[in-house]
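# Architecture and fold: a report
As a plain string of letters, each chain reads:
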Amino acid sequence: MKDLLIKKVKILHGDGKSTTPSEPIDLLIRHGAIEAIGPNLTADTATEVWTPGDHAMVSPGWFDVGVQACDPGFEHREDLASAAAAAAAGGYTAIACFPNTHPGIHSKSEVQYV
């Protein structure tokens, strides 16, 4: 995973107390995790620098509570791997699947599978 410096983005806090974004600030991401948040951060030449523009915002991961994974039983529609990949591509960090499977999920082992 490539390191990334995101310049001048607003942070939407996920604390439930504030819906107002922060002032523009820089984020340094190394090895897939935020390493530093602050003004005017710098990075080495191997780090990709991204300046998205005036209206860019970042937020905590999103949770999709209505995923139609259909696995087991209807994998031809969607399976867990393709549902997870689509969620990740859209910025989601977790998903909850509808119980539209065959057979219906009703045991501990089936829940562990999902």
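That block above? That's the structure.
Residues numbered from 1 in each chain as written. Predicted model: local features only at pLDDT ≥ 70, side-chain atom pairs only at ≥ 80, totals over all residues. Heavy atoms only, no water.

Turning our eyes to something else, we now look at the overall build of the chain. Per the secondary structure count, the chain includes 2 helices and 7 strands. Each helix and strand of the chain, placed in order from N terminus to C terminus, yields the pattern β-β-β-β-β-β-α-β-α. Within the chain, the proportion of its 114 residues that are buried is 20%. Long-range contacts, defined as pairs at least 24 residues apart, comprise 54% of the intrachain contacts of the chain with a sequence gap of at least 6. (Helix = DSSP H or I, 4+ residues; strand = E, 2+ residues; numbered from the N terminus. Buried < 20%, exposed > 50% of the residue type's maximum accessible area, 1.4 Å probe, protein only. Contact = heavy atoms within 4.5 Å.)

This part is about the packing of aromatic side chains. Tallied over the full model, the rule gives 1 aromatic pair. Between Trp-62 and Tyr-92, the aromatic rings sit 6.5 Å apart at their centres with planes inclined by 75 degrees, giving edge-to-face as the arrangement. Within this pair, whereas Trp-62 is found in strand 6 (residues 62–67), its partner Tyr-92 is found in strand 7 (residues 92–97), the two being separated by 30 residues in sequence. The class of Tyr-92 is partly exposed, set by a relative accessible area of 31%. (Phe/Tyr/Trp six-rings, centres within 6.5 Å; stacked < 30°, edge-to-face > 60°.)

All right, on to a nonpolar patch on the surface then. Nonpolar side chains collect at one region of the surface, where Ile-105, Val-111, Tyr-113 and Val-114 lie side by side and expose about 350 Å² of accessible area between them. Looking at where Val-114 falls in the secondary structure, it is placed in the segment after helix 2 (108–113). (Patch = residues over 30% accessible without salt bridge, like charges linked within 9 Å, V, L, I, M, F, W, Y side chains within 5 Å. Areas by Shrake-Rupley, 256 points an atom, 1.4 Å probe, with all protein chains shown as cover. Salt bridge = Lys/Arg side-chain N within 4 Å of Asp/Glu carboxyl O.)

Let us look at the side chain of Arg-30. Looking at where Arg-30 falls in the secondary structure, it is placed in strand 2 (residues 25–30). Polar contacts involving the side chain of Arg-30 include one to the side chain of Glu-35, which spans 3.1 Å. (Polar contact = N/O pair within 3.5 Å; in protein donor to acceptor, adjacent residues only side chain to side chain.)

If you check the backbone angles, Lys-8 has positive phi at about 55 degrees while not being a glycine. Within the secondary structure, Lys-8 sits in strand 1 (residues 4–11). Not every positive phi belongs to a glycine, and Asn-40 is a case in point at roughly 55 degrees. Mapped onto the secondary structure, Asn-40 falls in the loop between strand 3 (33–38) and strand 4 (48–50). Its relative accessible area of 63% is what places Asn-40 among the exposed residues.

The analysis is restricted to geometry; functional conclusions fall outside its scope.
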